[in-house]
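Next come the chains, spelled out residue by residue.
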Amino acid sequence: MASASDSSPPVAPVGEPRDRVDGRAKVTGRVVYAAEAPVRNAVHAVLVSSTIARGEITAMDAASVERSPGVLAVLTPKNMPKLEYVDAKFHAEKRLPLGDLRIYYAGQHIAVVVADTLERALYASTLLRVSYREEPPVLGLGDPAAKIEWPKGEMTGPLQFEKGDVDAALSGTGVVTVKQTYSTPIETHNPMEMSATVAYWENGKLTVWDSTQAVVNRQKALAAVFGLKPDQVRVLCPFVGGAFGCKGDQWPHTFLAAAAAQAVGKPVKLMLTRQQMFTGCGHRPVTEQTITLGADGQGRLVALRHESKSDDSEVGKHIEPCGAGSSAIMYATPNLAYTHRVSRTNIASATFMRAPGENPGTYALESAMDELAIALKMDPVELRLVNYADRAPHNGLPFSTSNVKECYRLGAEKFGWSRRNPEPGSMRAPDGARVGWGMATATYPAHRFPNQARIRLMLDRDGGVRAIGAAATQDLGTGAYTVFTQMTAMLVGLPFERVKFELGDSNLPPGGVSGGSATTAGVGQAMSEAAGKLRQAMLKRAQENSGSPLAGLTPDQVVFQGGRIVAANDPSRGVELSAVLKGGPAYIEGLNEANPAGADNLPAKQKAYTFQSFGAHFVEVAVDERLPIVRVKRVVSVMDVGRVINPKTAGSQVQGAVIMGMGQALLEETHYDPRTGRVVNDNLADYVVCVNPDVRSIETYFVGEPDLLFNAIGCRGVGEIGITGIAAAIANAVYHATGRRVRDLPITAEKLMRPA
Ligand code: MOS
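Predicted, not measured: the structure shown is a model, and the values here were computed from it. (Residues numbered from 1 in each chain as written. Predicted model: local features only at pLDDT ≥ 70, side-chain atom pairs only at ≥ 80, totals over all residues. Heavy atoms only, no water.)

Colleague: Got a sec to walk through the nonpolar core? Specific residues and values, please.
Modeller: Ranked by size, the top nonpolar core spans 92 residues in total, and within it L293, F618, V619, V621, I730 and I747 carry the most contacts. Here the element with the most residues in this core is helix α16 (residues 726-738); it accounts for nine residues. Residues in contact with I747, not counting those within four places in the same chain, are V630, A665, L666, A731, V734, V742 and L752. If you look at the next biggest cluster of nonpolar residues, it comprises 49 residues, including L98, V208, L228 and A470. (Core = buried A, V, L, I, M, F, W, Y, C linked by side-chain atoms within 4.5 Å. Buried < 20%, exposed > 50% of the residue type's maximum accessible area, 1.4 Å probe, protein only. Helix = DSSP H or I, 4+ residues; strand = E, 2+ residues; numbered from the N terminus. Contact = heavy atoms within 4.5 Å.)

What follows is the structure, given as C-alpha cells:
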C-alpha cells in the first residue's frame, strides 16, 4: 500500500506510521476477547430462537429441557425476571427480551437454556417445545401490509427536507434530467468475533465482559435495567474482533446473560452463534432510492431530489438516512429535496452498519451523477468539480475545512484518469476482458461524543519517566490503542516506547460509543484537555522547589518537550520531568472535566461550521465477456479526514472499508425465505464477503489539513468514510466496461447477463 509521503503537496500533516501496539499479541493469540474472559467456573447459556416471523407464542413446554443432564436453568417469557425498560437511548430495540409472548421476527430470542457445559446446554435447548399462533409475515419494502412511517430525524438532521422548488427547476428549459431508482439489499456485518457476554454477580454487583463498541453505555443500560447504580456494574472489553456497528447499541443477549447469571448464581458465558449474528445484533436494512437530477448545459445542478426508503422491525429503532447522509451535503444546488420513509416488516431489527445512510446514499447519488455525466457527455470528475460545494447545501454553513478538489486531483493523477477513453466498452485488458474505469466521491460527517481521559506520569524503575493514558473507550480492531499511545506520547513529549494506553473498562474515565467514526476525535479532545491538566499539576509541583526555573510561569506558558517541562517561549528554561516526579507521589495525573454537553453540542464558534470529511475513489474493474464476473483490479482512494495520527492504521481503515465496499458492490446480500421470513444464508459459506484473492491493489492517500475548529487534535475520524462511494465507483466502472448499468446491488454475473 502506498503512503502519503510520496504524494505532492499539500498533504495532511501526518504522524508516524506506527505498527499496532497490540499486533504481536493478536497474531500470536495472546489477547483476550469477551468469550475468553478469565472467569472461573463459568457455565454456558444457549439462546433459543423463534422459528416463525410473526405471531404469538401460545404454549411452551420446558419440562424435558429441565430434566436434561447438566441443565441449571431455563428462562422463558413465563419466568423471566421483570426488568425495567429505561434509558431507551442505549437500547437497540424498543423492548426487553422475553418480555412478552409476541413474535416480531424470525430469530427472536424466546428462551435461554443454561447448563454446565456448552454441549449439554445446546442439546437441552433442542428439547424445548413451542407452539405458535402464526400470522403471515410482512416482508420487503413493497409489501402492502407494511406500516409506513415518515420519521423527522434527530441526530441525522432533518429527514424530510426541501429548499427552493425542485419541480419547477426540473421543468426549466434546457435542463438535462436523470431519474433512476437504485436498491441495496439487507447486508449483515459479520465481524470475525461473534457477540459474546460473560456475566457474574458478586455481593450484588454485576461484572460483564462484553464484546461491545461502548463499555460505558453498556454499564448505564445494565444498571438501569437491573435497577442498580452505575458503580454497581462494571463492563470490560479490552479487545473486539470487529464490529462495524453491530456491537454499538445494546442488544438483548447481554441482558439475558446477566439475568441467567443471576438465576443460577454462577458466571454465565453466552456467545451468539454465527446464525444468531444474522438476527440478534442488527444489519443494514434494505434500501430503495429514487434520485432525480437536473443540470444546465454546463453541468451545474439546478435541482436534486433524493427519495429513500428503508425497513425495520416493529421493535427496531433504526433509520437508514440515505439522502441526509449524501444529497444533503455533497453538491451545490439551489433546489434540493430529500425524504425518507420506513416500512415496518417482520425482519429482525436493523442497526447502523459502517456509514449508515451515507453508504447506500452515496451508492445511489454517485451512480446517478455518473449517469448525468454520460447524459451531458462530461467527464465524471469535471461534473463533480463544477458542482463543488464550499458550504453544506442543507444548512448553508461553510465546511470547517474541505479539500475534496485535492482528493479528485491527486486521485486522478495517481490512477492515471487522463488516459481514460470515455466510450463504454472501449478499453480491454491484454487477456481480452473488458476494462472499466469509474470514480465516485466519498463523504462522512465528523462526530465526537463526550469523553473524559486521564494521563499519568510516573517514575519508572530505571529512573526514566513513563506515561499511561487511559479512557473508557474501545478498540474495535481499528488501531485505537496505537493511535492513543501515539497521542499520549505527543501530548507529554515522551518517546512512544515509554507510553502505554488503557481502554475497554467502564472503571476508566467515561467515554462514548466507538461509532460514528468519533473515537479519535472525541477521546483526542479529552486527551488534549487532560494533558493541559497534567501540565498544570506538574508545573505546580515544579514550582514548589525554590529557585525553580519555571517560577512565575502559568500553565499556558509551559509545554512538555523531550522529557522536560519547559517555558514555551524559551525551551532552555525548564526541568526534567523525572526531577519533578522524584520523591513525590506514585504518579501525577491530569484528568479533563466531564463535558456532558459533548460534541454534538459544540461551542458557539463551532456552530458556525459544518464538519464533514470528503474523499474520492478511482476504480478499475475487469469483466470477462463470456462469464461476466466483475474483478476489482485497482483502487486509488484519497481521503481528507483532517489530521492523521497514524497513516498506517488510518490507511488500513480506508483499505478495509474499500474491501467491505467491494463486497457490498459485488457479493453481499442477506436472503430471506419469502414464505417464512427466515434467513436462508446465515453462514459465511453462503453469505459471501471479499476474501484475499478478491483483493488486488488498493492505494490510499490522505490530503488536507488539521481541522482545529473541530477539536484540539484536528482529526475528524476515518473508520467509515472509506466505504462511502466505493460501490458507486465500482458500478460506474462496470458500466464503463460493459455499457450495462446495474442499479440493484450486488452486481452479480446473473444481473450482467440478464436481457437489457
Ligand atoms: Mo459505526 S456503523 O457508526 O458503529
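There is more to say after this.
Colleague: Tell me about the sheet that holds strand β20 (residues 465-470), residues and numbers included.
Modeller: The strand order across the open sheet built from four strands is β21-β20-β19-β25, with neighbouring strands paired in mixed fashion. Of all the strands in the sheet, the pair left with one neighbour each is β21 (499-502) and β25 (588-591). Between one strand axis and the next, the sheet turns through 15° on average, direction left out of account. With four bridges joining them, β20 and β21 adopt parallel strand pairing. Across the sheet, the residue bridging to I468 is K500, located in β21. Running at roughly 130° to β21, helix α11 (residues 480-492) makes contact with β19 (454-459), β20 and β21 of the sheet. Contacting β19, β21 and β25, helix α12 (residues 519-543) runs over the sheet at an angle of about 140° to β25. (Pairing = 2+ DSSP bridges. Axes fitted to C-alpha atoms, helices over the stretch in contact; angles between N-to-C directions.)

Colleague: So what's going on with the packing of aromatic side chains? Which residues, and what values?
Modeller: Per the stated rule, a full pass over the model turns up 14 aromatic pairs. Pairwise contacts between aromatic rings join F415, W417, W437 and F618 into one cluster. A cation sits over an aromatic face here: K405 above Y388, 4.2 Å from the ring centre. Residue placement shows R448 over the ring face of F710; its charged tip is 5.7 Å from the ring centre. (Phe/Tyr/Trp six-rings, centres within 6.5 Å; stacked < 30°, edge-to-face > 60°. Lys NZ or Arg CZ within 6 Å of the ring centre and 35° of its normal.)

Colleague: Let's hear about a nonpolar patch on the surface: which residues, and what values?
Modeller: Residues L627, I629 and M753 make up a contiguous nonpolar surface patch of about 260 Å² in total accessible area. Structurally, the position occupied by I629 is in the loop between β26 (612-623) and β27 (630-640). (Patch = residues over 30% accessible without salt bridge, like charges linked within 9 Å, V, L, I, M, F, W, Y side chains within 5 Å. Areas by Shrake-Rupley, 256 points an atom, 1.4 Å probe, with all protein chains shown as cover. Salt bridge = Lys/Arg side-chain N within 4 Å of Asp/Glu carboxyl O.)

Colleague: Residues and numbers for the sheet that holds strand β2 (residues 55-61), please.
Modeller: The strands making up a sheet associate through hydrogen bonds between their backbones, and the pairing can be parallel or antiparallel. The strand order across the open sheet formed by three strands is β4-β2-β6, and the pairing between neighbours is antiparallel. Each of the sheet's edge strands pairs with one partner strand only, and the pair in question is β4 (102-103) and β6 (129-134).

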